[in-house]
Amino acid sequence: MRLTVENLLKSEPFKDSFLAAGEKGLDKNVRAINVIDAPDGYKYIKPGTLAITSGYKWLEDSKEQEALIKNLAKSGASALGIKTRFFDGILPDNMKKIADELSFPVLFLSDLLAYSDIIDFFLHNIYIESNHTFERLEEVQKQFLDLIEHRSVDWIAKKLFDYSGKEVYAKYGDKVSHYNKQTDIDKVLANQEKWHKEKIAFTEIHDKSQVYLYSLALGGEIISWMGYEGHSNDGTGNVFWIINDNSPFSRSDLYLFNYALQATRTEIKKHAVEYIETQEEIIKQLLADACANKEECSSLLKRIGKVIPNRASILLLNTNINNKHFEKMIMQMIKCTNDKDYFKHMISGNYQDNFLILLPDIANEDLDPEKMITALGEVIAQTEELRAGLGSVHELSDLRYSHTEAEEALFWSTHQSTLKLYHYDELDMLKIIDHRLVKGINIFTDPYLGQIKEYDNKHGTVLLETLSIYTKNLWNYSTTGAELFIHPNTVKYRLQQIEELTGFDLNDSELRLNLEVALKLNVFQSGE
């Protein structure tokens, strides 16, 4: 039985005690007892405590009497018990008025009731209540965890409602469960900017799920709830709320909510694994023979709410990096689209030795695919070891060609230090080079650049950098000088040094072409 102030007055030890004020607070829970006889004793009172006192300290001071009632009510105390003899069985009017206004019960305790009797009574009843609660919660936890393999998030929400008796709202993807509907959820969601949010106060629950206590003032009413809001690896948002009634949340409510979340995570994890495996199976079929498997792929896609696009490109990312946040970063890349329609067409998963994302070639008024790819590049740039290659857009039947192109682009990205995301369409002359010969590139570059590199290393000069920028600026002294922040004559002098060192004639058109190719390939040389 729940121990309330009203039940307390009906118990044997309190049979000769009576209520002096605060009748509307009789349903307050009583969880502990504390004796106070010091003026600042209220500072040490925890919520749910029955504070008892002789009242002697407050006999003659009306301001202290009023402050005592106000401070105890503010601290969350359940009631104040005062010995009758010091007040001649009559509560001062000022104390009664404030206690009634605050719905804070004040009890007159019988002079025959010893403090030891009260303490014994509480120890016995609180032990029984705690033991009963523990046994009940243990059984509830067992049911949640034993049956989750054969149930659903909706079933968990229903059980949480059954056990707690409170209103429960759960949302997973597009599926909503709402039991004991009392609250206008749409209005609550529409006023999210007005939510008051604070971290859960029960320290014995070591929970990393970010459970918070929320409240919202809506139409003169305060709505409060215990909530968890998360995001699954498949991009599906999930929300779990247990909404309060008139009584405050108890420790049992928190335990029940925590068990429900444990079961929910298990259920979501099961779906997430299936979701990932299904996507990877679709990727295999699309790249093997897209047309032949389109019907089978459509069936698989339907299970996870995806739709095959007509045209798409492949983005590949290297996965051989030492980054424990890799998966989280990949999801950040996917979420950066911020477009539900686009997400329905996007497929991702591990394929061979890389992580693959199928990027649909669709556009609407809210999404520009080029801007989305730029956003992906910005996310990729956040991780030092990460490299990516992007194939060009192809019809679905030719998607394997985009994969081959993405492999080429990824290879060149991993063999240089500047660009982290390479587009196949921007590879230019690298498209015709067999990347398996990259270790032999120096056979071509050394005759043109070897002497210059050796001279720079020995003398600390920047002749190779000057030559590279000179070719990039179409062999123009002025624009090269401006980019290097030096005078055009200094550029000319450095180029003359190169001619004297190598015997080159930098005005020779065929030599210029070979130098441009050598400089382009130089960043891919082994060991650089």
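The numbers attached to residues start from 1 for each chain and follow its sequence in the written order. In keeping with the model being predicted, local features are shown solely for residues with a pLDDT of at least 70 and side-chain atom pairs are shown and tallied solely at 80 or more, while totals for entire chains, interfaces and linings include all residues. As a rule here, side-chain values come from all non-hydrogen atoms in the structure, and water together with hydrogens is ignored.

> Please clarify how the packing of aromatic side chains should be interpreted in this entry.
For Phe, Tyr and Trp, rings pair up if their centres lie within 6.5 Å, where Trp contributes its six-membered ring, and each pair is then called stacked (planes under 30 degrees apart), edge-to-face (over 60) or tilted (otherwise). For the structure shown, the criterion picks out 13 aromatic pairs. Arranged with centres 6.2 Å apart and planes meeting at 15°, the rings of Phe-161 and Tyr-179 form a pair that is stacked. Of this pair, Phe-161 sits in helix α5 (residues 153–164) while Tyr-179 sits in strand β7 (residues 175–179); the two residues are 18 residues apart in sequence, bridging distant segments of the chain. Taking relative accessible area as the criterion, Tyr-179 reaches 19% and is therefore assigned buried. Through a chain of ring-to-ring contacts, the aromatic side chains of Tyr-169, Trp-195, Tyr-212, Tyr-214, Trp-225 and Trp-241 assemble into a single cluster. Counting from the N terminus, the helices are the DSSP runs of H or I reaching at least four residues and the strands are the DSSP runs of E reaching at least two. Exposed residues in this analysis have more than 50% of their type's maximum accessible area, buried residues have under 20%, and partly exposed residues fall in between, with area computed by a 1.4 Å probe over protein chains only.

> How should the packing of helix α13 (residues 442–459) against helix α16 (residues 488–502) be read in this particular structure?
For any two helices packed against each other, one specifies the crossing angle of their axes together with the interaxial distance. Axis lines are fitted through C-alpha atoms, for helices just across the contact stretch, and the angle between N-to-C directions can take any value from 0 to 180 degrees. Running from N to C, α13 and α16 point in directions that differ by 115°, and their axes come no closer than 10 Å. The handedness of the crossing between α13 and α16 is right-handed. For the pair formed by α13 and α16, the contact residues are Gln-451, Ile-452 and Tyr-455 on the first element and Gln-497, Ile-498, Leu-501 and Thr-502 on the second. Two helices cross in a left-handed way if the nearer one is turned anticlockwise from the farther one by less than a right angle. They cross in a right-handed way if the turn is clockwise. We call two residues in contact when some of their heavy atoms are within 4.5 Å.

> Hey, could you run me through the sheet that holds strand β2 (residues 32–35) in this one?
Where strands meet in a sheet, backbone hydrogen bonds hold them as pairs that are either parallel or antiparallel. Read from one edge of the open sheet, five strands run β1-β5-β4-β3-β2, paired in mixed fashion. At either margin of the open sheet sits one strand with a lone partner, and together these are β1 (18–21) and β2. Direction aside, neighbouring strands of the sheet carry axes that sit 30° apart on average. In the sheet, strand β4 (residues 79–83) pairs with strand β5 (residues 106–109) via four bridges, with the strands oriented parallel. Directly across from Leu-80, in β5, lies its bridge partner Val-106. Whether two strands pair depends on DSSP finding at least two bridges between them.

> Would you take a moment to explain the environment of Glu-167 for this structure?
Here Glu-167 shows up in strand β6 (residues 167–172). Taking the C-alpha atoms as reference points, Glu-167 and Asp-245, separated by 78 residues in sequence, lie 7.7 Å from one another. Residues in contact with Glu-167, not counting those within four places in the same chain, are His-178, Tyr-179, Asn-180, Lys-181, Gln-182, Thr-183, Trp-241, Ile-242 and Ile-243. For Glu-167, the side chain forms a polar contact with the side chain of His-178, separated by 2.7 Å. Pairing of N or O atoms within 3.5 Å defines a polar contact, subject to two protein rules: one partner must be a possible hydrogen donor and the other a possible acceptor, and residues neighboring in sequence count only if both atoms are side-chain atoms.

> Is there a simple way to think about the packing of α13 against helix α17 (residues 509–522) in this case?
Taken N-terminus to C-terminus, the directions of α13 and α17 make an angle of 80°; their axes are 9 Å apart at the nearest point. The angle between the axes of α13 and α17 places the two elements in the roughly perpendicular class. Taken together, the residues of α17 that come into contact with α13 (itself represented by Phe-444, Thr-445, Tyr-448, Leu-449 and Lys-453) are Leu-511, Asn-514, Leu-515, Val-517, Ala-518, Leu-519, Leu-521 and Asn-522. Counted by class, the contact of α13 with α17 contains nine nonpolar, three polar and one charged residues. When an angle is under 35 degrees it counts as roughly parallel; over 145 it counts as roughly antiparallel; between 65 and 115 it counts as roughly perpendicular; any other value is oblique. Here the term charged refers only to Asp, Glu, Lys and Arg, the term nonpolar to Ala, Val, Leu, Ile, Met, Phe, Trp, Tyr, Cys and Pro, and the term polar to all other amino acids, Gly among them.

> Any chance you could explain the pattern of salt bridges here in plain terms?
Opposite charge on two side chains permits pairing when their charged atoms draw close. What makes a salt bridge here is a side-chain nitrogen of Lys or Arg within 4 Å of a carboxyl oxygen of Asp or Glu, nothing more. If you walk through the whole model with that rule in mind, you get five salt bridges. A salt bridge links Lys-10 to Glu-6, with the shortest nitrogen-to-oxygen separation between them at 3.8 Å. One end of the pair, Lys-10, and the other, Glu-6, are both in helix α1 (residues 5–10), four residues apart, so they sit about a helical turn from each other. The network of salt bridges with shared partners includes Arg-311, Asp-361 and Glu-395.

> Whenever I open this one, unusual backbone geometry confuses me. Can you help?
Negative phi characterises most residues that are not glycine, and trans characterises most peptide bonds. Positive phi, normally seen in glycine, also occurs at Ser-103, with a value near 50°. In this fold, Ser-103 is placed in the loop between α3 (93–101) and β5. Even without being glycine, Gln-352 reaches a positive phi, approximately 55°. A relative accessible area of 55% means that Gln-352 is categorised as exposed.

> What is the right way to read helix α12 (residues 399–414) from this model?
Note on helix geometry: an α-helix contains 3.6 residues per turn, so any two residues three or four positions apart are oriented the same way. A helix is expected to span 1.5 Å for every residue after the first. In this model α12 runs 23 Å from its N-terminal to its C-terminal C-alpha over 16 residues, within 8% of the 22 Å that 1.5 Å per residue would give. Along α12, the residues classified as buried are Leu-399, Ser-402, His-403, Glu-405, Ala-406, Glu-408, Ala-409, Leu-410, Phe-411, Trp-412 and Ser-413.

> Explain the nonpolar core to me, please; I cannot follow it from the model alone.
Side chains of nonpolar character tend, in soluble globular proteins, to be buried together. What is meant by a nonpolar core is a set of buried Ala, Val, Leu, Ile, Met, Phe, Trp, Tyr and Cys residues, joined one to another through side-chain atoms within 4.5 Å. Counting residues in each nonpolar core, the largest one holds 23 residues, and the members touching the most others are Leu-160, Met-226, Phe-240 and Phe-257. Of all the secondary structure elements, the ones that give two or more residues to this core are α5, β6, β10 (221–231), β11 (237–243) and α7 (251–289). Ala-20, Leu-72, Phe-87 and Ile-98 belong to the second largest nonpolar core, which has 20 residues in total.

> Looking at this structure, how should I read the environment of Ser-224?
Relative to the helices and strands, Ser-224 is located in strand β10. Distance from Ser-224 to Trp-195, taken between C-alpha atoms, is 9.5 Å for residues 29 residues apart in sequence. Not counting the four nearest positions on each side in its chain, Ser-224 is found in contact with Tyr-214, Ser-215, Ile-243 and Asn-244.

> What exactly am I supposed to notice about the confidence of the model for the protein chain here?
Detailed reading of the predicted coordinates is not advisable wherever pLDDT is low. Within the protein chain, residue pLDDT values average 77, and 74% of them lie at 70 or more. When the criterion is pLDDT under 50, residues 203–207 qualifies, and its contacts beyond four places in sequence or with other chains add up to nine contacts. How sure the predictor is of each residue is captured by pLDDT, a score from 0 to 100.

> When you look at the pairing of strand β14 (residues 354–360) in this model, what are you seeing that I'm missing?
Side-chain positions along a regular strand alternate between the two faces of the sheet. Summarising burial for β14: seven of the seven residues are buried, a large majority. With burial as the criterion, each face of β14 is covered, one bearing Asn-354, Leu-356, Leu-358 and Pro-360 and the other bearing Phe-355, Ile-357 and Leu-359. Strand direction decides the pairing type here: strand β13 (residues 347–351) and β14, joined by five bridges, are antiparallel. Looking across to β14, one finds that Ser-348 is bridged to Ile-357. Remark: two residues form the turn of the hairpin made by β13 and β14, two consecutive strands paired antiparallel; Gln-352 in that turn has positive phi of roughly 55°.

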